[in-house]
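Structural overview
Residue-level listing of the chains:
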Amino acid sequence: MGSNKMHIEQLNYRRGQFELDIDRQVIALPGQCTAVIGENGAGKSTLFRILAGAIKAQGSFNTGDKKPKVLFHDAFAQLNKRLRVADHVNLTASLHQTPQLRVDEVVADFNLSELWSRFPPALSAGQLTRVRLAKTLLAEPDVVLLDEPTTGLQYSAAEQVVRCISLLLSQGKSVVVSTHHLIELSSLKPYLVGLKAGKVVLSEPWSERYENYAAICELMRTLSAVPVEKTMKVVP
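A short tour of the structure in this document, coming up. Per chain, residue numbering runs from 1 following the sequence as it is written. With the structure being a predicted model, the display of local features is reserved for residues of pLDDT at least 70 and the display and counting of side-chain atom pairs for 80 or more, all residues being used for whole-chain, interface and lining totals. Side-chain descriptors were evaluated using all non-hydrogen atoms of the structure, hydrogens and water having been removed beforehand.

**Examining the overall build of the chain**
- Runs of E in the DSSP output that reach at least two residues are strands. Runs of H or I that reach at least four are helices, and both are numbered from the N terminus. When its secondary structure is counted, the chain shows six helices and nine strands.
- To get the radius of gyration, use the C-alpha atoms; to get the globule rule, take the number of residues to the power 0.38 and multiply by 2.2 Å. Here the chain has a C-alpha radius of gyration of 18 Å; the compact-globule value for 236 residues is 18 Å, and the two agree.
- Taken over the C-alpha atoms alone, the chain extends approximately 55 × 40 × 35 Å along its principal axes.
- Per-residue accessibility, obtained with a 1.4 Å probe over protein chains only, is compared with the maximum for each type, and a residue is labelled buried under 20%, exposed over 50%, and partly exposed between these values. Counting across all 236 residues of the chain, residues that qualify as buried make up 48%.
- We call two residues in contact whenever any of their non-hydrogen atoms come within 4.5 Å of each other. Within the chain, contacts between residues at least 6 apart in sequence are counted, and of these 73% link residues at least 24 apart.
- Here the accessible surface of atoms and residues is derived via Shrake-Rupley with a 1.4 Å probe, and residues count as covered only by protein chains that are part of the display. For the chain, the exposed area adds up to about 11600 Å²; of that, 50% sits on carbon and sulfur atoms.
- With 27 positive and 23 negative side-chain charges, the chain shows a spacing of 4 Å between the two charge centroids. Charged residues are defined narrowly, with Lys and Arg counted positive, Asp and Glu counted negative, and His plus the chain ends left uncounted. Where a charge lies is defined by one atom per residue type: Lys uses NZ, Arg uses CZ, Asp uses CG and Glu uses CD.

**Some thoughts on the pairing of strand β2 (residues 18-28)**
- Any two strands with at least two DSSP bridges between them are considered paired. Across nine bridges, the pairing between strand β1 (residues 6-15) and β2 is antiparallel. Each residue of the ladder has a partner; that of Gln-10, found in β2, is Asp-23.
- Connecting the antiparallel pair β1 and β2 is a turn made up of two residues, with Gly-16 showing a positive phi of about 60°.

**Section: the packing of helix α3 (residues 100-109) against helix α4 (residues 125-138)**
- Packing of α3 against α4 leaves a shortest axis separation of 10 Å and a crossing angle of 155°. Taken together, α3 and α4 sit at an angle that is classed as roughly antiparallel. Note that α3 runs across α4; the crossing there is right-handed. Contacts between α3 and α4 involve Arg-102, Val-103 and Val-106 from the former and Ala-134, Leu-137 and Leu-138 from the latter.
- Classification used: nonpolar for Ala, Val, Leu, Ile, Met, Phe, Trp, Tyr, Cys and Pro, charged for Asp, Glu, Lys and Arg, polar for all others including Gly. Of the residues belonging to the contact of α3 with α4, the class tally is five nonpolar, no polar and one charged. Where helices are involved, their axes are fitted lines through C-alpha atoms of the stretch in contact, as for all axes, and angles between N-to-C directions lie from 0 to 180°. Here the word oblique covers every angle except those under 35 degrees (roughly parallel), over 145 (roughly antiparallel) and from 65 to 115 (roughly perpendicular). For any pair of crossing helices, the crossing counts as left-handed if the nearer helix is rotated counterclockwise from the farther one by less than a right angle, and right-handed if it is rotated clockwise.

In structure tokens, the structure reads:
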């Protein structure tokens, strides 16, 4: 098991006219949710692909004594429709050599026993989310990256995503979420990292003022209006 800590000391990535440039930024801490917010094109997905190791960038990370196992969770990954939920769980557990006791815990935590013999086409969006997140957890990651996991989901399904994230946090995992719908994460009280044009312009802990929907809307409007050269607040 690795560390759940991930701080960016310095990171730079350039592609065409776009540049992602981040210095001294908290990204992940044990049992903490970090919400990465910003408009389309701000660099959220690029940052996630760098953190997952899918693309290379110049820079350095502080990850504590051990390198964390970072897993990018594809919230919309297609599940083989010819395999039952039981098959998906058992194959994933076999691939990652997950102990049976741990498999049983994950099945119970995500209430998969009621779906055990069903095939993906027979599952609702919320149920599919539970199966996908359970498969992610069976890989025993230290840091889970969720890129816009509630996009396109109805309210009930989005609620299930939040409950699953809360479960991951309760188990000491670090969860980093990119989102346009910050209100859905309010119960998790995430650390906020705002990106604009590839730079961090907001970095602060959750505040009670964001329990109000109007305040979150104002935050998002303010974030889009902040000049790239100015950082609203940085907490090392």
